[in-house]
Amino acid sequence: PVFEDVYQPSYGTHQADSIGGPPPAPTGRKKALLIGCNYQGTKAELRGCINDVHTWKDLLVQEYGFNDLDMVLLTDDQHGPKRPTLANMRQGLQWLRAWGPAG
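Residues numbered from 1 in each chain as written. Predicted model: local features only at pLDDT ≥ 70, side-chain atom pairs only at ≥ 80, totals over all residues. Heavy atoms only, no water.

**Student:** Account for the overall build of the chain, with residues named and values stated.
**Tutor:** If you tally the helices and strands in the chain, you get three helices and two strands. Listing each helix as α and each strand as β along the chain from the N terminus yields α-β-α-β-α. Burial statistics for the chain: of 103 residues in total, 21% are counted as buried. Long-range pairs, those at least 24 residues apart, make up 52% of the contacts in the chain with a sequence separation of at least 6. Surface exposure of the chain reaches about 8,500 Å², of which carbon and sulfur atoms provide 55%. (Helix = DSSP H or I, 4+ residues; strand = E, 2+ residues; numbered from the N terminus. Buried < 20%, exposed > 50% of the residue type's maximum accessible area, 1.4 Å probe, protein only. Contact = heavy atoms within 4.5 Å. Areas by Shrake-Rupley, 256 points an atom, 1.4 Å probe, with all protein chains shown as cover.)

Given below as structure tokens:
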């Protein structure tokens, strides 16, 4: 009860009309910013994050019709503007916002 009151606000929500059907038709331009950090060579090294980025890219292209030019991939196995630095991630977020409607 307390969890639902605090963490599950009911404003602006409603039951789904259906579950498991096809996604709604997209409106506007589709864009994606995909970021994968494996932190190679550190104590916090992870495995699979960069692979996940490429898997998501393939899914977006094959299943949802995304264009390669409408995706930015930042992974820490790259250099320069493709590396997930704070500046590059901020620039990627700005790119996502560009050409899109408010909201």
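**Student:** Which residues make up the nonpolar core, and what values go with them?
**Tutor:** Counting residues in hydrophobic clusters, the biggest one holds seven residues: Ala32, Leu34, Val53, Leu60, Phe66, Met71 and Leu73. Elements with a minimum of two residues in this core: strand S1 (32–36), helix H2 (49–64) and strand S2 (71–75). When residues no more than four places from it in sequence are discounted, the contact partners of Leu34 are Val53, Trp56, Lys57, Leu60, Met71, Val72, Leu73 and Leu74. (Core = buried A, V, L, I, M, F, W, Y, C linked by side-chain atoms within 4.5 Å.)

**Student:** Tell me about the state of the cysteines, and please be specific about residues and values.
**Tutor:** Overall, the coordinates contain zero disulfides when judged by the stated rule. With no disulfide partner, Cys37 has as its closest neighbouring cysteine sulfur the one in Cys49, 7.4 Å distant. (Disulfide = S-S within 2.5 Å.)

**Student:** Would you mind going over H2 in detail, with residue names and values included?
**Tutor:** Compared with an ideal rise of 1.5 Å per residue, which puts 16 residues at 22 Å, H2 spans 21 Å between its outermost C-alpha atoms and is within 8% of the ideal. Within H2 the residues assigned to the buried category are Ile50, Val53 and Leu60. The arc that holds every buried residue of H2, seen down its axis, measures 85°, which confines them to one face. Residues Asn51, Thr55, Gln62 and Glu63 are exposed on H2 and point more than 90 degrees away from its buried face. Among the structural elements, S1 and S2 are those in contact with the buried residues of H2. At the C-terminal side of H2, Gly65 shows a positive phi close to 70°. (Expected span 1.5 Å × (residues − 1). Arc of directions from axis to C-beta.)

**Student:** Account for the packing of aromatic side chains, naming residues and giving values.
**Tutor:** On inspection of all chains with the given rule, the structure shows zero aromatic pairs. The aromatic ring of Trp95 is capped on one face by Lys31, whose charged end is 4.4 Å from the ring centroid. (Phe/Tyr/Trp six-rings, centres within 6.5 Å; stacked < 30°, edge-to-face > 60°. Lys NZ or Arg CZ within 6 Å of the ring centre and 35° of its normal.)

**Student:** Residue-level account of a nonpolar patch on the surface, with values.
**Tutor:** On the surface, Trp56, Leu59 and Tyr64 cluster together into a nonpolar patch covering about 320 Å² of accessible area. Within the fold, Leu59 resides in helix H2. (Patch = residues over 30% accessible without salt bridge, like charges linked within 9 Å, V, L, I, M, F, W, Y side chains within 5 Å. Salt bridge = Lys/Arg side-chain N within 4 Å of Asp/Glu carboxyl O.)

**Student:** Describe the environment of Arg29, and please don't skip the residues or the numbers.
**Tutor:** Within the secondary structure layout, Arg29 lies in the loop between helix H1 (2–7) and S1. Take Arg29: its relative accessible area is 43%, and that puts it in the partly exposed class. When the C-alpha positions of Arg29 and Phe66 are compared, they lie 9.2 Å apart, and in sequence the two are 37 residues distant. Here the side chain of Arg29 touches Asp70 through a polar contact of 2.5 Å, side chain to side chain. (Polar contact = N/O pair within 3.5 Å; in protein donor to acceptor, adjacent residues only side chain to side chain.)

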